[in-house]
Amino acid sequence: MTARPSASGGVGCTRCGSTGQPGHGRRCERCTLTDKLVAALDDGTGRVNPALTPLLEALAAMDKPRAGLIWLQNPKVPQLLGDLATGRIPLTHEGLHAAPSWRTAAYLRDLLMTCGVLPTIDKQLVHYETWLHRRLADLADGDSPHLRLLRQFAGWYQLPR
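Residues numbered from 1 in each chain as written. Predicted model: local features only at pLDDT ≥ 70, side-chain atom pairs only at ≥ 80, totals over all residues. Heavy atoms only, no water.

Q: In this structure, what is going on with the overall build of the chain? I would like to understand it.
A: Each helix and strand counted, the chain has 8 helices and 0 strands in total. Written out in order from the N terminus, the α and β elements of the chain read α-α-α-α-α-α-α-α. By the burial criterion, 34% of the 161 residues in the chain qualify as buried. Intrachain contacts of the chain at a sequence separation of at least 6 include 46% that bridge at least 24 residues. (Helix = DSSP H or I, 4+ residues; strand = E, 2+ residues; numbered from the N terminus. Buried < 20%, exposed > 50% of the residue type's maximum accessible area, 1.4 Å probe, protein only. Contact = heavy atoms within 4.5 Å.)

Q: I tried to follow the environment of Lys76 on my own but got confused; where do I start?
A: Checked against the element boundaries, Lys76 lands in helix 4 (residues 76-86). For Lys76 and Ala105, which are 29 residues apart along the polypeptide, the C-alpha to C-alpha distance reads 9.3 Å. In this structure Lys76 touches Ser101 and Thr104, once residues within four positions along its chain are discounted.

Q: I keep staring at the environment of Tyr128 and nothing clicks. Help me out?
A: Within the secondary structure, Tyr128 sits in helix 7 (residues 123-141). For the pair formed by Tyr128 and Gln158, sequence separation is 30 residues and the distance between their alpha carbons is 9.8 Å. In this structure Tyr128 touches Ala154, Gln158 and Leu159, once residues within four positions along its chain are discounted.

Q: Just checking my understanding: could you explain the packing of helix 7 against helix 8 (residues 147-158) for this structure?
A: When two helices pack together, their arrangement is given by the angle between their axes and by how far apart the axes lie. Following both chains from N to C, one finds helix 7 and helix 8 inclined at 170°, their axes separated by 10 Å at the closest point. Here helix 7 is positioned roughly antiparallel relative to helix 8, judged by the angle of their axes. The hand of the helix 7/helix 8 crossing is left-handed. Each of Tyr128, Leu132, Leu136, Leu139 and Ala140 in helix 7 lies in contact with helix 8, whose residues at this interface are Leu147, Leu150, Arg151, Ala154 and Gln158. (Axes fitted to C-alpha atoms, helices over the stretch in contact; angles between N-to-C directions. Parallel < 35°, antiparallel > 145°, perpendicular 65-115°, else oblique. Left-handed = near helix turned anticlockwise from the far one by under 90°.)

Q: For this particular structure, what's the right way to read the environment of Gly12?
A: Mapping Gly12 onto the fold places it in the segment before helix 1 (29-40). Judged by its relative accessible area of 6%, Gly12 falls in the buried class. Considered as a pair, Gly12 and Arg27 are 15 residues apart in the sequence and their alpha carbons are 7.7 Å apart.

Q: Mind showing me how you'd approach helix 2 (residues 53-60) here?
A: In an α-helix, one turn spans 3.6 residues, which is why side chains three or four residues apart end up on the same side. Among all positions of helix 2, only Leu55, Leu56, Leu59 and Ala60 are buried. Take helix 2 and look down its axis: the buried residues cluster within an arc of 120°, on one side only. Residues of helix 2 that are buried sit in contact with helix 1, helix 3 (65-72), helix 4 and helix 6 (102-114). (Arc of directions from axis to C-beta.)

Q: Looking at this model, I keep getting lost on the side chain of Glu29. Mind explaining?
A: Position of Glu29 among the secondary structure elements: in helix 1. The class for Glu29 is buried, based on a relative accessible area of 10%. In this structure the side chain of Glu29 is engaged in a polar contact, spanning 2.6 Å, whose partner is the side chain of Arg66. (Polar contact = N/O pair within 3.5 Å; in protein donor to acceptor, adjacent residues only side chain to side chain.)

Below, the structure written as structure tokens:
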């Protein structure tokens, strides 16, 4: 494809014709962001996981595509998106609890709830459950004699509050 001249005489995006900020090569930032998202959300068949299509649409339409491109530069983000798209991490709140980077998972969880991919839940409760899951896993590695008691206390007393 060749670059299309715009009405103002400048060269536009080879895909959409936009004369906005260039992204990668001869594509605008929005088309570059869309390409990177499609690659990250590939379910292993060369297509975007259908369950994650609302996320793709929302991110591709964001007001400032450069912010999305910067976000995708964090290597943890495409890794987590790919793990969700391929099913290595279940596309559930529980699946995100076990994600390696809790901050990346927390931000992505908010996006997924906003897009309607995941049901909306109490964020404070989710953060506590994520912390609890990690803390109890750390204690299990150390053979803590009080692990069973702590798990029961957290599940029966703390979480319901």
